[in-house]
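Results of the structural survey
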Amino acid sequence: MQLTAPATRRTGIRDTDGMAVAAFVLGLLGLLVLNVFLGPIAIVLASVALWRGTARRGRALLGLGLGVADLLVLMAFMAADGTMSWSL
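Residues numbered from 1 in each chain as written. Predicted model: local features only at pLDDT ≥ 70, side-chain atom pairs only at ≥ 80, totals over all residues. Heavy atoms only, no water.

Once that is clear, we can look at the overall build of the chain. A tally of regular secondary structure across the chain gives three helices and zero strands. In sequence order, the secondary structure elements of the chain are arranged as α-α-α. Taking all 88 residues of the chain together, 25% fall into the buried category. Look at the contacts in the chain between residues 6 or more apart in sequence, and 65% of them connect residues 24 or more apart. (Helix = DSSP H or I, 4+ residues; strand = E, 2+ residues; numbered from the N terminus. Buried < 20%, exposed > 50% of the residue type's maximum accessible area, 1.4 Å probe, protein only. Contact = heavy atoms within 4.5 Å.)

Below is the structure:
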């Protein structure tokens, strides 16, 4: 007699779609705040989503591009300011 339901593993397209959306949102947020952290996270999430074959390929590519843009913006402001952070 089994009292609990068998554990199911949540993997597949649904998870990769979530990663693609998360990469896009984090990349977009990273342009405004915490780009030193959110940029690399967006790049990793987008790369994993693309590698696993997400159905939201465009969103993952946008997340990847925004993650790279986050780091480029950070480098530009660091060069202009001479500091590790920037403010508006």
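Moving on from the coordinates now.
As a further point, take a nonpolar patch on the surface. A cluster of nonpolar residues, V25, L29, L32, V33, L34, V36, F37 and I41, forms a patch on the protein surface that exposes about 720 Å² of accessible area. Broken down by secondary-structure element, the contributors of at least two residues to the nonpolar patch are α1 (13-30) and α2 (35-52). Element by element, the count of residues in the nonpolar patch is highest for α2, at three residues. Tracing the backbone shows F37 in helix α2. (Patch = residues over 30% accessible without salt bridge, like charges linked within 9 Å, V, L, I, M, F, W, Y side chains within 5 Å. Areas by Shrake-Rupley, 256 points an atom, 1.4 Å probe, with all protein chains shown as cover. Salt bridge = Lys/Arg side-chain N within 4 Å of Asp/Glu carboxyl O.)

So, about unusual backbone geometry. Unusually for a residue other than glycine, L34 sits at a positive phi of about 50 degrees. Tracing the backbone shows L34 in the loop between α1 and α2. Judged by relative accessible area, L34 falls into the exposed class, the value being 54%.

A few words now on the side chain of D17. In this structure, D17 sits in helix α1. Although D17 lies buried, it forms no salt bridge, and the closest oppositely charged side chain, R56, sits 4.3 Å away as judged by the N-O distance. Polar contacts involving the side chain of D17 include one to the main-chain amide nitrogen of A55, which spans 3.1 Å. Other than its neighbours up to four places away in sequence, D17 contacts T54, A55 and R56. (Lys, Arg positive; Asp, Glu negative; His and termini not counted. Polar contact = N/O pair within 3.5 Å; in protein donor to acceptor, adjacent residues only side chain to side chain.)

Turning to helix α3 (residues 57-81), a few remarks are in order. The end-to-end C-alpha separation of α3 is 36 Å, in line with the 36 Å expected for 25 residues at 1.5 Å each. When we look at burial in α3, the residues that qualify are A60, G63, L66, G67, D70 and L74. A positive phi of about 80 degrees marks G82, the residue just after α3. (Expected span 1.5 Å × (residues − 1).)

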